[in-house]
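# Notes for the structure review
Okay, here's what each chain looks like letter by letter:
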Amino acid sequence: MPRYEDRLLKLVVMSDIHLLPPGRIQRGLDTRARFETAMADLDRCHGDADLCVFAGDIADAAEPEAYRLFDAIRAQSAVPQRVMLGNHDDRAVYVPLARDPMLDPDGFVQGVVDLKGHRILMLDSSERGGSRLCDARLGWAAARLDEARTAGLKVIVLLHHNPCALQMPVDTYRLDQPDRLLSVLRASGAEILLVLAGHCHIATAGSWGGYPCATINGNQHRVEPYLRGRTGQQACYSDPAQFAVVLSDGLNCVLHFHNYVEQSTEMDPAHFPYKWNQRFEEVP
Ligand SMILES: [Fe+2]
Ligand SMILES: [Fe+2]
């Protein structure tokens, strides 16, 4: 019987990289430097990850130079990787120059990876300036979910656009017609552990149609919870920049928010001597 750690899925999800062509900085945020920090943290803290998925908005304005920069930076990590697209991306620009693009038979940038009893289902909701899951994309997803159910694989769904309403203005450009995806998930009968998205630049957790779902800050600015009824300016913050670390043994599926650019001050470890070399729960 393999060790528990060897049966435990570790999935890292980064989102909203928003890279610019080399040398360019926007709104005082250097998304390249931030992404390099994210990849350094991936290798330093999660080099044992089974997979790292980049969940869209790779380039801020879909420039070829930004996509080449993205591939060059991520090539330095040995962690297996997959790339998804968002509304800031352009499939027609990305696919011809991408390193190993994930493509379905219709040319959409979506795919699956099966790991340790799980199926990671990565959907292409990108549409230049918007979002869409057309009949072709949904039909492909339905077939992959059917396979997962038949094979007894538990499913983690990744897509760029948040399907769940956050009761924030971003809901006006969340996933288009989310009910259509919800119907496909429900009809599949597959066991879905988590639906995880980026796009909204804020960390949230909850459920959507009964499925656990979450979103992450990503690599660019993050926004404050500006909830229904608010008026005036919504605050945007330079940090934390954040990626998700999902650990699942099929029964326990947890999402950690790993902040890699953060202004908070680490307290003196001398205050917490009991946090040195701590023991973990032992699972047979
Ligand atoms: Fe974004
Ligand atoms: Fe987006």
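Residues numbered from 1 in each chain as written. Chains lettered and ligands numbered in written order. Predicted model: local features only at pLDDT ≥ 70, side-chain atom pairs only at ≥ 80, totals over all residues. Heavy atoms only, no water.

### Things to note about the coordination of the iron ion (ligand 1)
Where we set the bar: The donor definition counts N, O and S atoms within 2.8 Å of each metal and applies 3.2 Å to Na, K and Ca; water is not among these atoms, so some sites may look incomplete. The geometry test gives tetrahedral to four donors whose angles all lie between 85 and 135 degrees, gives square planar to four donors and octahedral to six donors whose opposite members are over 155 degrees apart with all other angles between 65 and 115, and gives irregular to the rest. Numbered from the N terminus, helices here are DSSP runs of H or I no shorter than four residues, and strands are runs of E no shorter than two. Burial here depends on accessible area, computed with a 1.4 Å probe over protein chains only, as a share of the maximum for the residue type. Under 20% is buried, over 50% is exposed, and the range in between is partly exposed.
Taken together, Asp-16 (OD), His-18 (NE2), Asp-57 (OD) and His-201 (NE2) make up the full set of protein donors to the iron ion (ligand 1), lying 2.0 to 2.4 Å away. The coordination sphere of the iron ion (ligand 1) comprises four donor atoms, whose angles at the metal cover 88 to 172 degrees; the geometry is irregular. Ordering the donors of the iron ion (ligand 1) by residue number gives the pattern D-x1-H-x38-D-x143-H. The metal-metal distance between the iron ion (ligand 1) and the iron ion (ligand 2) is 3.5 Å, with Asp-57 serving as a donor to both. Of this pair, Asp-16 sits in the loop between strand E1 (9-14) and helix H2 (31-46) while His-201 sits in the loop between strand E9 (192-197) and strand E10 (204-208); the two residues are 185 residues apart in sequence, bridging distant segments of the chain. There is no split in this pair, since Asp-16 and His-201 are both buried.

### Describing the coordination of the iron ion (ligand 2)
Taken together, Asp-57 (OD), Asn-87 (OD1), His-160 (NE2) and His-199 (ND1) make up the full set of protein donors to the iron ion (ligand 2), lying 2.1 to 2.3 Å away. The site at the iron ion (ligand 2) holds four donor atoms, and with the angles between them running 90 to 162 degrees, its shape is irregular.

### With respect to the packing of helix H5 (residues 135-151) against helix H6 (residues 178-188)
Threshold: Lines fitted to C-alpha atoms define the axes here, with helix axes fitted over just the stretch in contact, and angles between the N-to-C directions of these axes take values from 0 to 180 degrees. Each angle is binned into one of four classes, with values under 35 degrees roughly parallel, values over 145 roughly antiparallel, values of 65 to 115 roughly perpendicular, and all other values oblique. Throughout, a crossing is termed right-handed when the near helix is turned clockwise from the far one, and left-handed when it is turned anticlockwise from it by less than a right angle. A contact between two residues is defined here by any heavy atoms of the two lying within 4.5 Å. In this classification, Asp, Glu, Lys and Arg are treated as charged, Ala, Val, Leu, Ile, Met, Phe, Trp, Tyr, Cys and Pro as nonpolar, and every other residue, Gly included, as polar.
Interhelical geometry of H5 versus H6 gives an angle of 25 degrees and a closest axis separation of 9 Å. Here H6 runs roughly parallel to H5, going by the angle between their axes. Relative to H6, H5 is oriented so that their crossing is right-handed. In this structure, H5 contributes Asp-135, Leu-138, Ala-142, Leu-145 and Arg-149 to the contact, and H6 contributes Arg-180, Leu-181, Val-184, Leu-185 and Ser-188. Residue composition of the contact of H5 with H6, by class: six nonpolar, one polar and three charged.

### What to know about the side chain of Ser-248
What counts here: Any pair of nitrogen or oxygen atoms within 3.5 Å is treated as a polar contact; in protein, a donor-acceptor pairing is required on top of that, and neighbouring residues in sequence qualify only through side-chain atoms on both sides.
When you line up the elements, Ser-248 lands in strand E14 (residues 241-248). Residue classification places Ser-248 among the buried positions, given a relative accessible area of 0%. Side chain to side chain, Ser-248 and His-118 meet in a polar contact 2.7 Å long. Leave out the neighbours within four places in its chain, and Ser-248 touches Arg-7, Leu-8, Leu-9, His-118, Leu-193 and Cys-253.

### Focus on the nonpolar core
Test applied: Put simply, a nonpolar core is a bunch of buried Ala, Val, Leu, Ile, Met, Phe, Trp, Tyr and Cys residues held in one set by side-chain atoms that sit within 4.5 Å of each other.
If you look at the biggest cluster of nonpolar residues, it comprises 30 residues, and the most contacted ones within it are Val-12, Met-14, Phe-35, Phe-54 and Ile-58. For this core, the secondary-structure elements that each account for two or more residues are E1, H2, strand E2 (51-55), helix H3 (64-74), E14 and strand E15 (253-261). At five residues, H3 tops the list of elements feeding residues into this core. Leaving out residues up to four positions away in the same chain, Met-14 has contacts with Phe-35, Ala-38, Met-39, Leu-42, Cys-52, Val-53, Phe-54, Ala-55, Ile-216 and Phe-243. Formed by 25 residues, the second largest nonpolar core is a distinct cluster that contains Val-155, Val-157, Ala-197 and Tyr-211.

### Some details on the sheet that holds E9
Threshold: Strands are labelled as partners when DSSP assigns at least two bridges between them.
Taken in spatial order, the six strands make up an open sheet running E4-E5-E8-E9-E11-E10, and their pairing is mixed. Either end of the sheet is taken by a strand with one partner, and the two such strands are strand E4 (111-115) and E10. Averaged over all adjacent pairs, the angle separating strand axes in this sheet is 20 degrees, with direction ignored. One ladder, built from five bridges, connects E4 with strand E5 (residues 118-122); its direction is antiparallel. Its bridge partner lying in E5, Asp-114 is registered against Arg-119. Of the strands in this sheet, strand E8 (154-159), E9, E10 and strand E11 (211-215) are in contact with H6, which crosses E10 at around 65 degrees.

### Overview of empty space enclosed by the protein
Inclusion rule: Buriedness for pockets is judged along seven lines, at least five of which must meet protein on both sides within 12 Å for an open set on the 1 Å grid over protein atoms alone, while cavities are sets there where a 1.4 Å probe fits but cannot get out, and lining residues have an atom within 4 Å of a point. Grid points are joined across faces, edges and corners, and a volume is the space filled by probe spheres set on the points.
Using the criterion set out here, one finds one cavity of 30 Å³ or more in the structure. The volume enclosed by the largest cavity comes to roughly 60 Å³. Looking at the largest cavity, the residues that line it are His-18, Leu-20, Gln-26, Arg-27, Leu-29, Thr-31, Asp-60, Gln-220 and His-221. Among the residues making up the lining of the largest cavity, the classes are represented as two nonpolar, five polar and two charged.

### Observations concerning the environment of Val-246
Mapped onto the elements, Val-246 comes out in strand E14. Note: C-alpha distance between Val-246 and His-258 (twelve residues apart in sequence) is 10 Å. Every residue in contact with Val-246, bar those within four places of it in the chain, is listed here: Leu-9, Lys-10, Leu-11, Ile-156, Leu-194, Leu-196, Cys-253, Val-254 and Leu-255.

### Comments concerning the pairing of E9
Test applied: With strands facing away from the observer, any crossover in which the path from the first strand over the helix to the second runs clockwise is taken as right-handed.
Here E9 lies mainly inside the structure; six of its six residues are buried. Note that E8 and E9 share five bridges and pair parallel. Residue pairing across strands places Leu-158 opposite Leu-196, the latter belonging to E9. As a crossover connection, the stretch from E8 through H6 into E9 is right-handed. Pairing of E9 with E11, which is carried by three bridges, proceeds in the parallel orientation. By the bridge assignment for E11, Val-195 is matched with Cys-213.

By themselves these figures say nothing about function.
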